Amino acid sequence: MRKSLFQILFAVLLACTFVVTSCKKDDEVQAEEPVVEDNNTGFNESEDLVSISDEVMQTNSSSLRQTETGQNYYGATVTITPKGQNATGKVVVDFGSTGIKGRDGRTRTGKIIITYTAVAPTKGATRVITFDNYYVNGNKIEGTKTITFSNDPSNGVYTANIISSLVITKSSGKIITWSCNRTRAYNTNNTPLNFTDDEISITGTASGTTQNNIDFNVVVSSPLVFKASCLPTSGWVPVSGVLEVIPVDVATRIVNYGNGDCDRKVTVTVEEKSYTITIR
């Protein structure tokens with residue numbers, strides 16, 4: 001079984017934080033970072049769920065026809081209730097109450113519940129993700145995420161529509177809300193057993209409220225592209241693509257991930273001012 005592109009992609013991406021490397025004054029930068037960062041938090045938590053669900057469904061694909069309890073890569077207990085003659089099956093990923101530290105360095109507790117209509121990512125197949133007292137690094141994740149596969153895999157390419165509605169309660173007690181309606185295109189380059197040449201692209205929109213109660217909208221104005229070949233040098237961050245982060249009553253932030261280089265650099269432009277962010 002090939003390794004899931006997303007289990008590697010977002011395990012690394014989720015560890016990202018922003019580091020400002022421009023010459024702007026600190027107070028200017030600090031005033032502009034929170035909206036971009038809180039959107040990044042919502043995006044990362046959303047994509048982490050894709051990573052985990054992809055891995056669980058792939059690594060347990062041969063077991064999804066029988067009731068079974070076992071371990072997945074993260075060390076969580078995976079309990080499978082097969083679909084059988086029913087409309088759906090269910091997979092519960094239980095990280096326990098004391099916490100399990102993943103390879104991304106983050107500690108998870110509680111349960112992720114995946115309700116699925118088909119094991120394989122075939123046209124029309126859906127996965128609905130919900131939670132039971134689920135925390136990541138002390139931040140509680142609530143809400144739902146629905147993944148609907150848009151087409152049967154053809155020449156190593158398939159797509160999925162992702163609808164998320166998440167509430168993230170930080171360990172500080174502050175709350176971020178984040179929702180999205182996005183399309184993800186998977187491209188294995190016809191080498192399903194070799195993830196090193198895989199690519200994905202993401203398009204669509206998102207919206208939310210920062211932990212400081214600033215409402216914002218997000219538009220992917222140029223597809224966000226990730227390349228597995230960049231993993232050894234820069235980890236899993238977009239190598240190209242542009243986001244427009246649009247806070248209410250505040251200037252739009254243009255977030256540009258570059259032109260394909262594996263350099264972890266992001267340029268944020270606010271009106272006529274720009275600064276560089278390094279994702280680490």
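Shown above is the structure to which this text applies.
Attention here is on the structure that accompanies the text. (Residues numbered from 1 in each chain as written. Predicted model: local features only at pLDDT ≥ 70, side-chain atom pairs only at ≥ 80, totals over all residues. Heavy atoms only, no water.)

Section: the state of the cysteines
Put plainly, two cysteines are in a disulfide when a covalent bond ties their sulfur atoms together.
Then, in step 1: Tallied over the entire structure, the rule returns one disulfide.
Then, in step 2: Between the sulfur of cysteine 230 and that of cysteine 262 lies a disulfide, 1.9 Å long from S to S. Taking the torsion about the sulfur-sulfur bond, which here is approximately -60°, the covalent link between cysteine 230 and cysteine 262 counts as left-handed. On the criterion of sequence distance, the pair formed by cysteine 230 in the loop between strand 12 (215-227) and helix 3 (231-234) and cysteine 262 in the loop between strand 14 (253-259) and strand 15 (265-270) is long-range, its members being 32 residues apart.
Then, in step 3: The exposure class of cysteine 230 is buried, given its relative accessible area of 1%.
Then, in step 4: Look at cysteine 262 and you get partly exposed, because its relative accessible area is 30%. (Disulfide = S-S within 2.5 Å. Helix = DSSP H or I, 4+ residues; strand = E, 2+ residues; numbered from the N terminus. Buried < 20%, exposed > 50% of the residue type's maximum accessible area, 1.4 Å probe, protein only.)

Here we look at the pairing of strand 3 (residues 77-81)
Then, in step 1: The alternating pattern of strand 3 places Val78 and Ile80 on a buried face, while none of Thr77, Thr79 and Thr81, on the opposite face, is buried.
Then, in step 2: As paired strands, strand 3 and strand 4 (residues 89-94) are joined by five bridges and run antiparallel to one another. From the neighbouring strand, threonine 77 faces strand 4, where its bridge partner is aspartate 94. (Pairing = 2+ DSSP bridges.)

Observations regarding the side chain of threonine 109
Then, in step 1: Along the polypeptide, threonine 109 turns up in strand 6 (residues 107-116).
Then, in step 2: The contact partners of threonine 109, leaving out residues within four places of it in the chain, are Phe95, Gly96, Ser97, Thr98, Gly99, Asn133, Tyr134 and Tyr135. (Contact = heavy atoms within 4.5 Å.)

Examining the packing of aromatic side chains
Each pair of aromatic rings is reported with the distance of its centres and the angle of its planes.
Then, in step 1: Evaluated as defined, the whole model comprises four aromatic pairs.
Then, in step 2: Ring centres 6.3 Å apart and planes at 50° place the aromatic pair phenylalanine 149 and tyrosine 158 in the tilted group.
Then, in step 3: A relative accessible area of 3% means that phenylalanine 149 is categorised as buried.
Then, in step 4: A centroid spacing of 4.3 Å and a plane angle of 15° characterise the contact between tyrosine 158 and tyrosine 186, whose relative ring orientation is stacked. Here tyrosine 158 is found in strand 9 (residues 157-169), whereas its partner tyrosine 186 is found in strand 10 (residues 175-187), with 28 residues between them in sequence. (Phe/Tyr/Trp six-rings, centres within 6.5 Å; stacked < 30°, edge-to-face > 60°.)

Here we look at the pairing of strand 12
Then, in step 1: Pairing geometry for strand 11 (residues 199-209) and strand 12, over ten bridges, is antiparallel. Opposite isoleucine 202, over in strand 12, you have leucine 224 as the bridge partner.
Then, in step 2: Relative to strand 13 (residues 240-247), strand 12 runs antiparallel, the two being bridged by seven bridges. The residue bridging serine 222 from the neighbouring strand is valine 242, located in strand 13.

Overview of the side chain of serine 46
Then, in step 1: Mapping serine 46 onto the fold places it in helix 2 (residues 26-59).
Then, in step 2: Given a relative accessible area of 0%, serine 46 falls into the buried group.
Then, in step 3: Sequence-distant contacts of serine 46, defined by excluding residues within four places in its chain, comprise Lys145, Ser164, Leu166 and Trp178.

Remarks on unusual backbone geometry
Then, in step 1: Even without being glycine, asparagine 213 reaches a positive phi, approximately 65°.
Then, in step 2: Taking relative accessible area as the criterion, asparagine 213 reaches 66% and is therefore assigned exposed.
Then, in step 3: Of note in this structure, glutamate 271 is not a glycine but carries a positive phi near 55°.
Then, in step 4: Looking at the element boundaries, glutamate 271 is found in the loop between strand 15 and strand 16 (273-279).

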